[in-house]
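# Descriptive structure summary
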Amino acid sequence: MSNIPENFKEKIISLCKRRGFIFQSSEIYGGLKSAYDYGPLGVELKRNLMNEWWKSMVHKREDITGLDASIIMHPKVWEASGHLAGFSDPLVDCLVSKERFRADKAPKLNVEDDITITCNDKGQAKNFQKIIEDRFDILLKREGKQLKGLKLIDDKNFGFFEINNTKPIKTFEYKGYVSPTFGCPFLSEERQFNLMFRSQIGPVDVLGEITTYIKKNKNISSDELRIGIDKLVKKSAVYLRPETAQAMFVQFLNCQQTMSMKIPFGIAQMGKSFRNEITTEHFIFRSCEFEQMEMEFFVEPGTQEKWLDYWVEQRMSWWQKFANHPENFRYRAHDESELAHYADACYDIEYKYPWGYDELEGVASRTDYDLKKHAEQSGTKLSYYDQQKTDPETGKNGWRYTPYVIEPAAGATRGLLVYLMDAYTEEIVKDAKGNETTRIVMKLHPRLAPIKVAVLPLVKKEGLPEIARKLVNELFELGINARYDEQHSIGKRYRRHDEAGTPFCITVDGQTKEDKSVTIRDRDTMKQERIPLVNLKEIIQKRLSPA
Ligand code: GAP
């Protein structure tokens, strides 16, 4: 069962801003589309999440090493990996609304379906009707905000029909889909668009070179001009990595040799990736700048199926461990048509978002594709020699082979969104006067929670602030992220920390001075216990330790 209310987007986005989890990037300048800043609580949550991943992948395993590679890599990396040629989406423009969308994700129709263009309002319908009349010479019937009269004839053509007429007045080419927002079939040809962000490296005056080139080549065609300019730009072009994975293939030998790793072993990396996404959507679900947590696990050829199953299980249980609603996660195997060119099998770990099940992490069996491609392009042998094994081809002792790879590739920022959704809870509770009110509480796992303990002096006098501050400093010494908080009434402070996801609130009151005890309030149950100060640190450490 999902705990997400209907209008979750507004509620989560508003809570993220109100409590300092996530802000729109460059907000005071009107914001940058699809770019986000992780605020005081967001940065802690993101780091906690990524640190937990790192601990489980690297610190708790002898068979995985870490890597922190540069974001800008040699452009040949992207040629070898296929990203430069193939990291592109087929893009289409709607000729009526100007909407730009991905052809492979657009809705498809069945033969004989009526094609209804559904606009946002009557005014827009009038406008679209006029554009279609001017451009395609047909007058669609307007019914409120809908335009009617089109029908799919077969898988290549649609037509304009008058009422009760089975013969079309005019036919048009059907591209295989309609635009996602309006259902419009009047579309441009597909164009490829590279998703990698390009920049230039070094003190090269590319604009100067392009200007000279254009001046010298006044008489060549537009296509020739474009090819020439592209060559000039590519001379000093570099790209922001669209995935963290490639560095782990490129540094395979260095990592294996320096750490004397024996197959099966993995290399893990987490950090920023960049994709010039056409459709950025659902808050931080799909953005242009995001963070990934990826691991390449190198295995003996022929054992990839077993390791794929192993990693799917491992990763699923990791996500579920920190969730209140583990039932909202599921696996989905890719069918043949979905598989990336380098993969022989793949599972998605999906989460039940308010818009339906969608990807959180992909666990792919990437074969030996990447190591072989980088070996080919770089001329470096990226293989592994196992002297204990027999070469299956020669039957001789010792086997040199290119390892196969299992890749669990997770989105860290997408994971953060999942845990925000999983944690968001609205409860009806009674206030001090006995009236019903809604309590919003972020039931974040204590290990993920940005602030672990809030220390609240009941009043700002009588020596209570001093005791509270001393306690905060002692918690800091233990590496526990504590916060001193004396603003507003105690009730308001509890609510504030409920929304921040702070698992424990410690209240220092008059009795503290008398018998050296404090109350500890549990965020989820709201129960308060009085405990001796001397036991406090041990109790908190125990409650924060891994399950
Ligand atoms: N190395 C394989 C790879 O990058 P992917 O499925 O493209 O595979 C892995 O990306 C994960 O990264 C996804 O499951 C998703 O969680 C996250 N991700 C990909 N594109 C993203 C975007 N534009 N915004 C946020 N997260 C993204």
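For the structure, see preceding data.
Okay, so let's go over this structure. (Residues numbered from 1 in each chain as written. Predicted model: local features only at pLDDT ≥ 70, side-chain atom pairs only at ≥ 80, totals over all residues. Heavy atoms only, no water.)

## Here we look at the sheet that holds strand E26 (residues 504–508)
Taken in spatial order, the 5 strands of this open sheet run E25-E24-E26-E27-E28, and their pairing is mixed. With one partner strand each, in any of the chains shown, strand E25 (482–484) and strand E28 (528–532) form the two edges of the open sheet. For this sheet the average axis-to-axis angle between neighbouring strands, irrespective of direction, equals 25°. As paired elements, strand E27 (residues 517–522) and E28 share 5 bridges and run antiparallel to each other. Residue serine 517 lies in a different strand from E28, and its bridge partner there is proline 532. Packing of helix H14 (residues 490–500) onto the sheet brings it into contact with strand E24 (453–457), E26, E27 and E28, and relative to E24 it is tilted by some 170°. With respect to the sheet, helix H16 (residues 533–544) is in contact with E24, E26, E27 and E28, its orientation differing from that of E28 by roughly 125°. (Pairing = 2+ DSSP bridges. Helix = DSSP H or I, 4+ residues; strand = E, 2+ residues; numbered from the N terminus. Axes fitted to C-alpha atoms, helices over the stretch in contact; angles between N-to-C directions. Contact = heavy atoms within 4.5 Å.)

## With respect to the site of the ligand
Around the ligand, 20 residues are found, and the nearest of them are Glu243, Glu277, Glu294, Glu359 and Leu360. The contact in question runs from a nitrogen atom of the ligand to an N or O atom on the backbone of serine 287, over 2.8 Å. Leucine 360 places a polar main-chain atom, nitrogen or oxygen, 2.8 Å from an oxygen atom of the ligand. If the ligand stood free it would expose 550 Å²; the protein chains cover 90% of that surface. At the level of secondary structure, the elements contributing two or more residues to the shell around the ligand comprise strand E15 (289–299), strand E18 (356–367) and strand E21 (404–411). Class assignment of the residues belonging to the shell around the ligand gives a composition of 6 nonpolar, 4 polar and 10 charged. (Near = heavy atom within 4 Å. Polar contact = N/O pair within 3.5 Å; in protein donor to acceptor, adjacent residues only side chain to side chain. Areas by Shrake-Rupley, 256 points an atom, 1.4 Å probe, with all protein chains shown as cover. Nonpolar A, V, L, I, M, F, W, Y, C, P; charged D, E, K, R; others polar.)

These figures capture arrangement, not role.
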